[in-house]
Every structure is written in C-alpha cells, then in structure tokens.
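# Summary of the model geometry
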Amino acid sequence: MKIVDLVKANSRLWIVFDEPVGQLTYERHRDLLIGSDDQGVFYDCLYYDRPTPHMKAFGGREFDLPMKDGSVTHCYGQYWDGRVAEAEKVVGEEIAEIGASTKEELNRCYVFTGRKISKRKLEEMIEEFEASHPGYEPLGYWEYEDMLKREGRKDAAPGDAQDVMQPTT
C-alpha cells in the first residue's frame, strides 16, 4: 500500500492511498477489541461498555467482527470506538488517527474515512511519498475534489453521465 496524494484540511493531512484498507480481524484484550490488518499497518480500537436503552454504541447498529481465532463477535451496541492509548500499550506502538481513502472511493463518494494507523508506518509512507514527489504541495479539501472531477471528465467518453454539466446550487 502506498500514498498517492495528500490533502490538507482543518490543519491536518488526509491520505489518499493506492488501494483500500484490507479486512481487519480482532483480538480481545480484557474489555478491548483491537483490530488489525494482515500487514499491521491499520488498527481499530473498541472498548466494552454495557449498553442502555438510550445509549448504544454505533447508534445500536448490529454487526459482526471477525476474530483472529476464527470466531465472530456480534456487536449490538456494547462496543464503542476509543481507548487508543490503552491499545497502544497492547500493540507496543503509537497509533495515529487519520482521514483516508482511495481515488476510486472518493470518486464514488467524496468522504475520507476515519482510520487508525501505525504512526511509525505512516511516517515511513509519508517520507517515501515526499522523496518520490519533491516539491509536492498538497491540495486543499475542495481543490482536491475539483481535481478529481476534472480527471473524471477527461476520462469520460462523450455522452457518459460524468460528461454532462452538473447544475450549481
């Protein structure tokens, strides 16, 4: 996985990768569930807190998390996002929180997803990107969206939906 672009917004850098983040699998550590990808680059940190009728994690949405041991943990509002500092102690490295996406994902829906990533590996990827792109200046959030739209129009065949002018509001 490599960085293909950096986007600046709200005093932060948001990362555009060449491929989507892979499937995370989870391990239980007391009241924590720590998810990681196969390369140990991306993480997810969830903690247990008993749901109440009016307070459920993720709005009470139910979903299943694949565990590293092959089992599945069913979530129904009892696991909340957070406790990164505790997860850092378990995994033995700092975890950074970023906004991330791919060009393909951004072309479908211009939203960066909140991700947790190994700070060391993120710094290595940024150094590699900057070394291969001397003088690169990240675009702002809206400028990057405009650039993607222009690229999409260049790639569109005449008559494609992307080729049609969009109304402004």
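For every chain, the first residue of the written sequence is number 1, and numbering continues from 1 along that sequence. At least 70 in pLDDT is required for a residue's local features to be given in this predicted model, at least 80 for side-chain atom pairs to be given and counted, and no such filter applies to totals for whole chains, interfaces and linings, which use all residues. Calculation of side-chain values draws on the structure's entire complement of heavy atoms; hydrogens and water are dropped beforehand.

### As for the overall build of the chain
To be explicit about the condition: Under the DSSP-based scheme used, a helix requires at least four consecutive residues in state H or I and a strand at least two consecutive residues in state E, with every element numbered from the N terminus. The buried label goes to any residue with under 20% of its type's maximum accessible area, the exposed label to any with over 50%, and the partly exposed label to all in between, with areas taken from a 1.4 Å probe on protein chains only. What makes two residues a contact is simply this: any of their non-hydrogen atoms within 4.5 Å.
The secondary structure content of the chain amounts to four helices and 11 strands. Each of the 169 residues in the chain was classed as buried or not, and the buried ones make up 40%. Restricting the contact set of the chain to residue pairs at least 6 apart, pairs at least 24 apart contribute 57%.

### What to know about the nonpolar core
Defined as follows: As used here, the term nonpolar core means buried Ala, Val, Leu, Ile, Met, Phe, Trp, Tyr and Cys residues forming a set that is joined through side-chain atoms within 4.5 Å.
Counting 24 residues, the largest nonpolar core has Ile 3, Ile 15, Phe 17 and Ile 117 as its most contacted members. Going through the elements one at a time, β1 (3-9), β2 (12-17), β5 (42-48), β6 (63-66), β9 (95-102) and α3 (119-132) are the ones with two or more residues in this core. No other element matches the four residues that α3 contributes to this core. Core analysis: the second largest hydrophobic core is formed by 11 residues, Tyr 110, Phe 112, Tyr 141 and Met 147 among them.

### Details of α3
Spelled out, the test is: One fewer than the residue count of a helix, multiplied by 1.5 Å, yields its expected span. Working definition: the arc comes from the directions between the helix axis and the C-beta atoms, pointing outward to the latter.
Helix length check: α3 (14 residues) gives 20 Å between terminal C-alpha atoms against 20 Å at 1.5 Å per residue, within 8%. Within α3 the residues assigned to the buried category are Lys 121, Leu 122, Met 125, Ile 126 and Phe 129. Buried residues of α3 fall within an arc of 135 degrees about the axis and therefore sit on the same side. Turned more than 90 degrees from where α3 packs its buried face, Glu 127 and Ala 131 sit exposed.

### Focus: the environment of Met 147
By secondary structure assignment, the location of Met 147 is in helix α4 (residues 141-155). With relative accessibility at 13%, the residue Met 147 sits in the buried group. Once you skip the residues sitting within four places of it in the chain, Met 147 turns out to touch Asp 5 and Leu 139.

### With respect to unusual backbone geometry
The backbone of Asn 10 shows a phi angle near 50 degrees, a positive value even though the residue is not glycine. Residue position: Asn 10 is located in the loop between β1 and β2.

### So, the pairing of β2
Heads up, the rule is: When DSSP finds at least two bridges between two strands, those strands are taken to pair.
Taken together, the six bridges between β1 and β2 define a ladder with antiparallel strand orientation. Residue pairing for β2: Lys 8 is matched across the bridge by Leu 13. What sits between the antiparallel neighbours β1 and β2 is a turn of two residues, in which Asn 10 has the positive phi angle 50 degrees. The pairing of β2 with β9 spans three bridges and is parallel. Among the inter-strand pairings, Val 16 is bridged to a residue of β9, identified as Ser 101.

### Details of the confidence of the model for the chain
Inclusion rule: pLDDT is a per-residue confidence score from the predictor, ranging from 0 to 100.
Confidence along the chain averages 88 in pLDDT terms, with 90% of residues attaining 70 or more. Throughout residues 156-169 the model reports pLDDT below 50, and contacts reaching past four residues in sequence, or to other chains, amount to seven contacts.

### A few points about the environment of Glu 93
How we decide: Distance and chemistry together define a polar contact, namely a pair of N or O atoms within 3.5 Å, with one atom able to donate a hydrogen and the other to accept it when in protein, and with adjacent residues in sequence counting only for side-chain atoms on both sides.
Tracing the backbone through its elements, the reader meets Glu 93 in the loop between α1 (84-91) and β9. The spacing of Glu 93 and Ser 118 is 25 residues in sequence and 7.0 Å in space, taken between C-alpha atoms. Excluding anything up to four places from it in sequence, Glu 93 contacts Gly 40, Tyr 43, Glu 88, Ser 118 and Arg 120. Engagement of the side chain of Glu 93 in a polar contact is seen with the side chain of Tyr 43, the distance being 2.7 Å.

### Some thoughts on the pattern of salt bridges
The following threshold applies: Note on definitions: salt bridges are taken to be side-chain nitrogens of Lys or Arg within 4 Å of carboxyl oxygens of Asp or Glu.
Across all of its chains, the model carries 10 salt bridges by this definition. With a closest N to O distance of 3.6 Å, Glu 86 and Arg 83 form a salt bridge. On the basis of relative accessibility, which here comes to 31%, the residue Glu 86 falls in the partly exposed class. Assessed through its relative accessible area of 33%, Arg 83 is described here as partly exposed. Residue Glu 145 is joined to Lys 149 by a salt bridge in which the shortest nitrogen-to-oxygen separation is 4.0 Å. Taken together, the positions of Glu 145 and Lys 149, both in helix α4 and four residues apart, correspond to about one turn of that helix.

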